[in-house]
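Descriptive structure summary
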Amino acid sequence: AQSVTQPDIHITVSEGASLELRCNYSYGATPYLFWYVQSPGQGLQLLLKYFSGDTLVQGIKGFEAEFKRSQSSFNLRKPSVHWSDAAEYFCAVAARSGNTPLVFGKGTRLSVIA
Amino acid sequence: KAGVTQTPRYLIKTRGQQVTLSCSPISGHRSVSWYQQTPGQGLQFLFEYFSETQRNKGNFPGRFSGRQFSNSRSEMNVSTLELGDSALYLCASSTSRDRGGTNTGELFFGEGSRLTVL
C-alpha cells in the first residue's frame, strides 16, 4: 500500500532563514505529488503539485519542491521564511490511474521565531 | 468562484448521539471526499462520492456514513458518537477525472467542521 512519510514532526526556524521540509513516499509507480498547508483553525490549501515534466516545481507564497525519483522524495523548500509561514505542512500522493484517494503524511508543524 | 463550504463549523455532542455534517463543493466539482483529522492519527480518509455513488471508503466503522445529492452536495453522518470521534472533519471537492479518465488527485478543502464529543 502507498504511504507517505514526513520524518520531522516539528521544525523551528528563524525568520529569514531557509527551510526544507522532507517528504518520502512509498509507491509502485510515480504518483502525483502535492504539498498542502494548514493554518490554525483552517482547512488545507494547496501549495504546489507535481504531475510530470520539470522536477522542480514552483508554488504559491514563494515555495518550491523538488521531485527526486531515485530517492522517492518530494521535499519542500523556501529560501527565506516569513513569520506568516508558521503552519502545518502536509505532503500527499495520489495514484495516476484509478480512483484511489489522496494519501497524506502526518504533517510537519513549522514554528517561526524572530 | 465560491470555495467548499462546510456546516456547521463547530458543534458539541454527547456520547451516544448522532451528528450530520454538510458540505457544498465548488460549483462544477462532482467528487466530494471526507477526511477525519485528529492530532494523533493525522488526516484519515473516510469516503469519496462521485455522481451520488460512493466510490471509495476508508477503514472506519459502519457508524460513519455519507451520501451525495444530485447537486453534488454531500452529507456525512456519525451515529452513536464516541469520545474518540472528536475531530476536525474536512470535506474536499475535485473535478476528479480528466477526459482520459485519469484522476489528477487535486483536492480543494473546506475549513472543516470541528466536532467535540463529551
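Structural notes, computed from the coordinates. (Residues numbered from 1 in each chain as written. Chains lettered and ligands numbered in written order. Predicted model: local features only at pLDDT ≥ 70, side-chain atom pairs only at ≥ 80, totals over all residues. Heavy atoms only, no water.)

1. Structural notes on the overall build of chain A
Check the secondary structure of chain A and you find zero helices and 12 strands. When its helices and strands are written in sequence order, chain A yields β-β-β-β-β-β-β-β-β-β-β-β. Taken against the 2.2 N^0.38 rule, which gives 13 Å for 114 residues, the C-alpha radius of gyration of chain A at 14 Å falls within 12% of a compact globule. Taken along the three principal axes of its C-alpha coordinates, chain A extends 45 × 30 × 20 Å. The long-range share in chain A, meaning contacts at least 24 apart out of those at least 6 apart in sequence, stands at 55%. Counting only carbon and sulfur atoms, one obtains 50% of the accessible surface of chain A, whose full area is about 5300 Å². (Helix = DSSP H or I, 4+ residues; strand = E, 2+ residues; numbered from the N terminus. Rg over C-alpha atoms; globule rule 2.2 N^0.38 Å. Contact = heavy atoms within 4.5 Å. Areas by Shrake-Rupley, 256 points an atom, 1.4 Å probe, with all protein chains shown as cover.)

2. Some thoughts on the nonpolar core
Counting 26 residues, the largest nonpolar core has L19(A), W35(A), L47(A), L48(A), F74(A), L76(A) and Y89(A) as the members making the most contacts within it. Of all the elements in the fold, those that place two or more residues in this core are β2 (10-14), β3 (19-21), β5 (32-38), β6 (44-50), β8 (64-68), β9 (73-78), β10 (87-94) and β12 (108-113) of chain A. Among the elements that make up this core, the one with the highest residue count is β10(A) (four residues). Counting 21 residues, the second-largest nonpolar core is a separate cluster that includes L11(B), V19(B), F47(B) and L115(B). (Core = buried A, V, L, I, M, F, W, Y, C linked by side-chain atoms within 4.5 Å. Buried < 20%, exposed > 50% of the residue type's maximum accessible area, 1.4 Å probe, protein only.)

3. Observations concerning unusual backbone geometry
Residues and elements named next belong to chain B. A cis amide bond, omega -10°, links T7 with the succeeding residue P8. Inspection of the secondary structure puts P8 in the loop between β1 (5-7) and β2 (10-13). Notably, S51 is not glycine yet its phi reads approximately 50°, a positive angle. Positionally, S51 belongs in the loop between β5 (42-50) and β6 (53-57). For S51, a relative accessible area of 32% gives the class partly exposed. For E52, which is not glycine, the phi dihedral falls at a positive 70°. Structurally, E52 can be placed in the loop between β5 and β6. Classification of E52 by relative accessible area gives partly exposed; the value is 47%.

4. Remarks on the packing of aromatic side chains
Residues and elements named next belong to chain A. Scanning the entire structure with this criterion turns up 16 aromatic pairs over all chains. Each ring, one from Y50 and one from F67, has its centre 4.7 Å from the other, and the planes form 25°; the classification is stacked. Linking Y50 in strand β6 with F67 in strand β8, this pair joins segments that are 17 residues apart in sequence. A relative accessible area of 4% places F67 in the buried class. (Phe/Tyr/Trp six-rings, centres within 6.5 Å; stacked < 30°, edge-to-face > 60°.)

5. A word on the sheet that holds β1(B)
All names here are of chain B. Ordered in space as β1-β3-β8-β7, the four strands form an open sheet in which the pairing is antiparallel. One side of each edge strand has no neighbouring strand; the edge strands of this open sheet are β1 and β7 (64-68). Ignoring strand direction, the axes of neighbouring strands in this sheet form an average angle of 15°. Looking at chain direction, β1 and strand β3 (residues 19-24) are connected through three bridges and run antiparallel. Of the residues in β3, the one forming a bridge with T5 is S24. (Pairing = 2+ DSSP bridges. Axes fitted to C-alpha atoms, helices over the stretch in contact; angles between N-to-C directions.)

6. Points about the pattern of salt bridges
For the structure shown, the criterion picks out 10 salt bridges over all chains. Residues R77(A) and E66(A) are paired through a salt bridge, measuring 3.1 Å at the closest nitrogen-oxygen approach. Residue R77(A) is found in strand β9, and its partner E66(A) is found in strand β8; the two are separated by 11 residues along the sequence. The partly exposed category is assigned to E66(A), whose relative accessible area is 23%. For the salt bridge of E48(B) with R55(B), the shortest nitrogen-to-oxygen distance reads 2.5 Å. Exposure class is identical for E48(B) and R55(B). Each is buried. Look at the salt bridges and you will find they share partners, linking E64(A), E66(A) and R77(A) into a network. (Salt bridge = Lys/Arg side-chain N within 4 Å of Asp/Glu carboxyl O.)

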